[in-house]
Amino acid sequence: MQLFDIEADPTHNYLPYDGTVQYYGKVIQQFAADDYFDKLMQNIAWENDQAIIFGRKIITKRKVAWYGNQAFEYTYSNIHKYALPWTKELLELKVLVESLTGESFNSCLLNLYHTGEEGMAWHSDDETDLKRDGAIASLSFGAERKFAFKHKHSKEKVELYLEHGSLLVMKDKTQSYWLHRLPPTKKINTARINLTFRTIVN
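Notes on the structure follow. Throughout, a residue's number is its position along its own chain's written sequence, starting from 1. Under the rules for a predicted model, residues below a pLDDT of 70 receive no local features and side-chain atom pairs below 80 are neither given nor counted, while totals for whole chains, interfaces and linings still include all residues. With hydrogens and water set aside, each side-chain value is computed from the structure's full complement of heavy atoms.

## Describing the overall build of the protein chain
The helix and strand inventory of the protein chain stands at three helices and 14 strands. Put simply, of all contacts in the protein chain between residues at least 6 apart along the chain, 73% involve residues at least 24 apart. Entry remark: accessible area of the protein chain is about 10200 Å², with carbon and sulfur atoms responsible for 50%. Under the counting rule used here, the positive set is Lys and Arg, the negative set is Asp and Glu, and His together with the chain ends is not counted. Where a charge lies is defined by one atom per residue type: Lys uses NZ, Arg uses CZ, Asp uses CG and Glu uses CD. Positive and negative side-chain charges in the protein chain, numbering 25 and 26 respectively, have mean positions lying 6 Å apart. Secondary structure is summarised from DSSP: a helix means a run of H or I of at least four residues, a strand means a run of E of at least two, and numbering begins at the N terminus for each. Note on contacts: a residue pair is in contact if any heavy atoms of the two residues lie within 4.5 Å. Here, Shrake-Rupley sampling with a 1.4 Å probe gives the accessible areas, and only protein chains in the shown set may cover a residue.

See below:
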């Protein structure tokens, strides 16, 4: 199933079953989104991501950062991370996302993809540190990129494009039944920053 050219409707569920995905479209005007992109590039403590796969430490080109209400410990791919204190821009964006979604979040994992050739493989955000079936709100800045979902059992796919200044929310049983990914592409040579606001329960 491909959902490319549907006008953003935050009340619409883009998944056919077993979860909820809402796309709000552009929630930040372009000039403000441009400004946030620049400030996030400059002011975030970016680090190359790491993962331990089959006993080997892998360092990615993609960069990440982790912020929160307190120094939460967060573990994924057998790597431990500790949250940094919120920056001014992240707090502003957190308030905006919470006002739009009616949800509350205590942390944010950020990703920096330098070009379209950097992506993310199929995965679910189902770590035990996260609130079970809780909402994850994803803000996108920079390059417009395709985002894909695949059902773990039926293998049905849903795809949409995430625009500069746009908001996507995943919640309910989405992480239990669906994988998601950011497919790499050689057609895009500009950067994308993604903020995923989430709730840590440890």
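## A closer look at the pairing of strand E11 (residues 157–162)
For strand E10 (residues 145–151) and E11, the ladder comprises six bridges, and the chain directions are antiparallel. Considered in E11, the bridge of Phe 149 is made with Val 158. By definition, two strands form a pair when at least two bridges between them are found by DSSP. Where E10 folds back onto E11 in an antiparallel hairpin, the turn is made up of five residues, including Lys 155, whose phi is positive at roughly 70°.

## Brief notes about the packing of aromatic side chains
Pairing of aromatic rings covers Phe, Tyr and the six-membered ring of Trp, with a centre-to-centre limit of 6.5 Å; geometry is then stacked below 30 degrees between planes, edge-to-face above 60, and tilted otherwise. The tally for this structure, following the rule as stated, stands at five aromatic pairs. With centroids separated by 6.3 Å and ring planes inclined at 50°, the aromatic side chains of Phe 105 and Phe 197 adopt a geometry described as tilted. One end of the pair, Phe 105, is in the loop between helix H2 (88–101) and strand E7 (107–113); the other, Phe 197, is in strand E14 (residues 192–198), with 92 residues separating them in the sequence. Among the residues examined, Phe 105 registers a relative accessible area of 4% and is labelled buried. Relative accessibility under 20% of the residue-type maximum defines a buried residue, over 50% an exposed one, and the middle range a partly exposed one, all with a 1.4 Å probe and only protein chains included. For Phe 197, a relative accessible area of 0% corresponds to the buried category. Geometrically, the ring pair formed by Phe 147 and Phe 149 is edge-to-face, given 5.3 Å between the ring centres and 85° between the ring planes. One aromatic cluster in this structure is built from Trp 86, Phe 105 and Phe 197. Either the NZ atom of lysine or the CZ atom of arginine qualifies as a charge over a ring when it sits within 6 Å of the ring centre and within 35 degrees of the ring normal. Above the plane of the ring of Tyr 113 lies Arg 145, whose end atom (NZ or CZ) is 5.8 Å from the centre.

## Things to note about H2
Residue pairs spaced three or four apart in an α-helix point in one direction, given the helix's 3.6 residues per turn. The terminal C-alpha atoms of H2 lie 20 Å apart, and with 14 residues this matches the ideal 20 Å at 1.5 Å per residue to within 8%. When H2 is considered as a whole, its buried residues turn out to be Glu 89, Leu 90, Leu 93, Lys 94, Val 97, Glu 98 and Thr 101. The buried residues of H2 occupy one face: seen down the axis, they fall within an arc of 160°. In H2, the exposed positions angled more than 90 degrees off the buried face are occupied by Lys 88, Val 95 and Ser 99. Phi turns positive, to about 75°, at Gly 102, one or two residues after H2. By definition here, a helix of n residues has an expected span of 1.5 Å times n minus one. Think of it as the arc spanned by the lines of direction from the helix axis to the C-beta atoms.

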